[in-house]
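Chain by chain, the residues run as shown.
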Amino acid sequence: MKRIAERAVVIGGSVAGLLAARVLTEAVDEVMLVERDAWSDAPVHRRGVPQGRQPHLLLGRGREVLDRLCPGFSADVVAAGGHEWDFQGDGRYFSEAGLMAHRPSGMVGVAGSRPLLESVLRRRVSELPGVTPMAPASAEPLLRGDRVVGVRVRRSAGQEREVPADVVVDATGRGSHLPIWLEGQGYGRPPESSLQLGLSYTSWTFPRDPGDLDGAAVCIVAANPELPRGGSASAIEGDRWLVTASAYYGTSVPRDRPGFQAFLEDLVSPRIGALIRGREPLEPAPVVHRVPASTRRHYERLPRRPEGLLVLGDAYAGFNPIYGHGMTVAALEALALQADLAHGLDGLADRSARSTARAASAVWDMAAGADLRFPGVPGARPLRTTMLNAWVGRVVRAATRDAEVAEAFLRTVNLMARPESLLSPMIAGRVLRAQRGAPTSAPARRS
């Protein structure tokens, strides 16, 4: 790719910012990464990632993209103690319909703590020629006319300096102040879409034995409209389970050990509760994180925007974290940016606004549609969403009997296929046969 600029500044050194920096190195001489938290090669929890102690799974499509952008990323995570796992073969998924059929599928994801995943990516990106980390520090864009010309960087000691740049990327997450800055510069705030979830999730780590769950790496017990509570257990480094209990509508999960146990045993499957029964947690108290709403800022709808100013990651769309979309969507947005950079600097902001929206839109619609199954989540329910949710419910029930249907469903969950693929004649036929109780030809293992 030809060089289009001397310097780009990425504000925010989390996953979206790191991936933006990675693709910018192909077209820009220097990429400065400005991060509020201290820069560390170690897998440490950061104040700027309040959800960092909660579960993080890199979906199958996300793993593909990260291994493409950073060859060997998955192997590095495994070498550091993380896990590669087959989503269907090594996962156990329970819904109100029962246990989803499981068998090897080739859909491979990566599991580990957020600090581990991020530290591996941070090391890989910081080793690239031309990448300069600046941390701890904050920054805001500098404007001349309708073009960004750099950033004003503030260090923790109160020092300020201006850094010239042709491209500035906001990857500061859900708490981004860019809408306020744009309004102050006369551009107005981007329109927003949001769903009020009242989501609370609480996580605790427990010792993990190799034979747990017959060797499975992940167990998920899904919430449903009748019981809007769920749970998960994911294998992370250090022979640990990261066990999470979640609830909608502002309901709190008990933080005492007996109450946490009882909550998990009272889900549609008691499997996670059974997993940790009799085990002592590895910390004195669990960690709670609340997500009042999922929010999307439609920068693509602004009538005008500063040239050279881009927005990626949760700063554009913060999803319901229960579905695990965040890191994978950030990876898809990075791929879109890579393609946008190939067309040069002129018009980059407009192209990126449109391509980021395209990368996030289908996932947003899928997640929002799933959330609108819950009657306590306010929002319009278009006929298409209602009908698709009803069909997905039938698919999930069929997936307890037919591993082929289960694989098709998990491909949509992993963003490797669109939800409409569940309407294909082949899958529809299998769903209807399973509904009638007819035998299917796809073998499945159950445990």
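Provided above is the structure to which this section pertains.
In this report, we go over the structure that sits alongside the text. Since this is a predicted model, take the numbers as computed values, not measurements. Each chain has its residues counted from 1, running along the sequence as written. Given that the model is predicted, a residue must reach a pLDDT of at least 70 before its local features are reported, and side-chain atom pairs must reach 80 or more before they are shown or counted; all residues, however, enter totals for whole chains, interfaces and linings. Excluding hydrogens and water, the side-chain figures rest on all heavy atoms present in the structure.

### Quick look at the overall build of the protein chain
Filter applied, for reference: Secondary structure elements follow DSSP: runs of H or I of four or more residues count as helices, runs of E of two or more count as strands, with numbering from the N terminus. For this measure, only C-alpha atoms enter the radius of gyration; the expected value for a globule follows 2.2 Å times N^0.38, where N is the number of residues. Throughout this description, buried means an accessible area under 20% of the type-specific maximum (1.4 Å probe, protein chains only), exposed means over 50%, and partly exposed covers the range between. Every residue pair with non-hydrogen atoms within 4.5 Å of one another is taken to be in contact. Where accessible areas are quoted, they stem from the Shrake-Rupley method and a 1.4 Å probe; at the residue level, only the protein chains shown are allowed to cover. Here Asp and Glu are counted as negative and Lys and Arg as positive; His is not counted, and neither are the chain ends. Where a charge lies is defined by one atom per residue type, namely NZ (Lys), CZ (Arg), CG (Asp) and CD (Glu).
Within the protein chain, the regular secondary structure consists of 12 helices and 19 strands. Compactness check: the protein chain gives a C-alpha radius of gyration of 22 Å against a globular reference of 22 Å for 447 residues, within 12% of the reference. Viewed in the frame of its principal axes, the protein chain has a C-alpha envelope of about 65 × 45 × 40 Å. Burial analysis of the protein chain (447 residues in total) assigns 56% to the buried set. Put simply, of all contacts in the protein chain between residues at least 6 apart along the chain, 71% involve residues at least 24 apart. Of the accessible surface of the protein chain, which amounts to about 18100 Å², a share of 52% is contributed by carbon and sulfur atoms. In the protein chain, 55 side chains carry a positive charge and 48 a negative one; their mean positions are 4 Å apart.

### Focus: the nonpolar core
The criterion, for reference: By nonpolar core is meant a set of buried Ala, Val, Leu, Ile, Met, Phe, Trp, Tyr and Cys residues that side-chain atoms within 4.5 Å join together.
Ranked by internal contacts, the top residues of the largest apolar core, which has 136 residues, are V10, L19, L24, L121, V243 and F260. For this core, the element with the highest residue contribution is helix 8 (residues 326–341), accounting for 9 residues. With residues up to four places along the chain from it excluded, the contact list for L24 reads A8, V10, V31, V167, V169, L337 and L341.

### Brief notes about the side chain of T244
Operational definition: Identification of polar contacts relies on pairs of N or O atoms within 3.5 Å, with a donor-acceptor requirement for protein atoms, meaning one able to donate a hydrogen and the other able to accept it, and with residues adjacent in sequence counted only if both atoms are side-chain atoms.
Among the secondary structure elements, T244 is positioned in strand 16 (residues 240–247). Residue T244 is classed as buried on the basis of its relative accessible area, which comes to 4%. Among the polar contacts listed, one links the side chain of T244 to the side chain of S203, at a separation of 2.6 Å. Excluding residues that lie within four positions of it along the chain, T244 makes contacts with Q54, P55, Y201, T202, S203, G230, G231, S232 and L264.

### Quick look at the packing of helix 2 (residues 60–69) against helix 8
Note the following rule: A fitted line through C-alpha atoms represents every axis, and for helices the fit uses only the stretch in contact; the resulting angles, taken between N-to-C directions, go from 0 to 180 degrees. The labels follow the angle: roughly parallel below 35 degrees, roughly antiparallel above 145, roughly perpendicular from 65 to 115, and oblique for the rest. Crossing handedness follows the turn of the near helix against the far one: under a right angle anticlockwise gives a left-handed crossing, and clockwise gives a right-handed one. Under the scheme applied, nonpolar residues are Ala, Val, Leu, Ile, Met, Phe, Trp, Tyr, Cys and Pro; charged residues are Asp, Glu, Lys and Arg; polar residues are all the others, including Gly.
Put simply, helix 2 and helix 8 touch, their axes get as near as 8 Å, and they point 45° apart. The angle between the axes of helix 2 and helix 8 places the two elements in the oblique class. Between helix 2 and helix 8 the crossing geometry is left-handed. The segment helix 2 lies against helix 8, with R61, G62, V65, L66, R68 and L69 engaging T328, A331, L332, A334, L335 and Q338. Among the residues making up the contact of helix 2 with helix 8, the classes are represented as 7 nonpolar, 3 polar and 2 charged.

### Side note on the sheet that holds strand 2 (residues 28–34)
Our working rule: Two strands are counted as paired when DSSP detects at least two bridges linking them.
As summarised here, the arrangement of the 5 strands in space is 8-2-1-12-18, forming an open sheet in which the pairing is parallel. Each edge of the sheet is formed by a strand with only one pairing partner; in this case those strands are strand 8 (131–134) and strand 18 (309–311). On average, each strand axis in the sheet is inclined to that of its neighbour by 20°, with strand direction left out of account. Sheet topology note: the strand 1 (residues 5–11)/strand 2 ladder contains 6 bridges and is parallel. Each residue of the ladder has a partner; that of I11, found in strand 2, is V34. Across the sheet, helix 1 (residues 15–24) touches strand 1, strand 2 and strand 12 (167–170), and the angle it forms with strand 2 is around 170°. Together, strand 12 and strand 18 form the strand contacts of helix 9 (residues 348–371), whose direction differs from that of strand 18 by roughly 10°.

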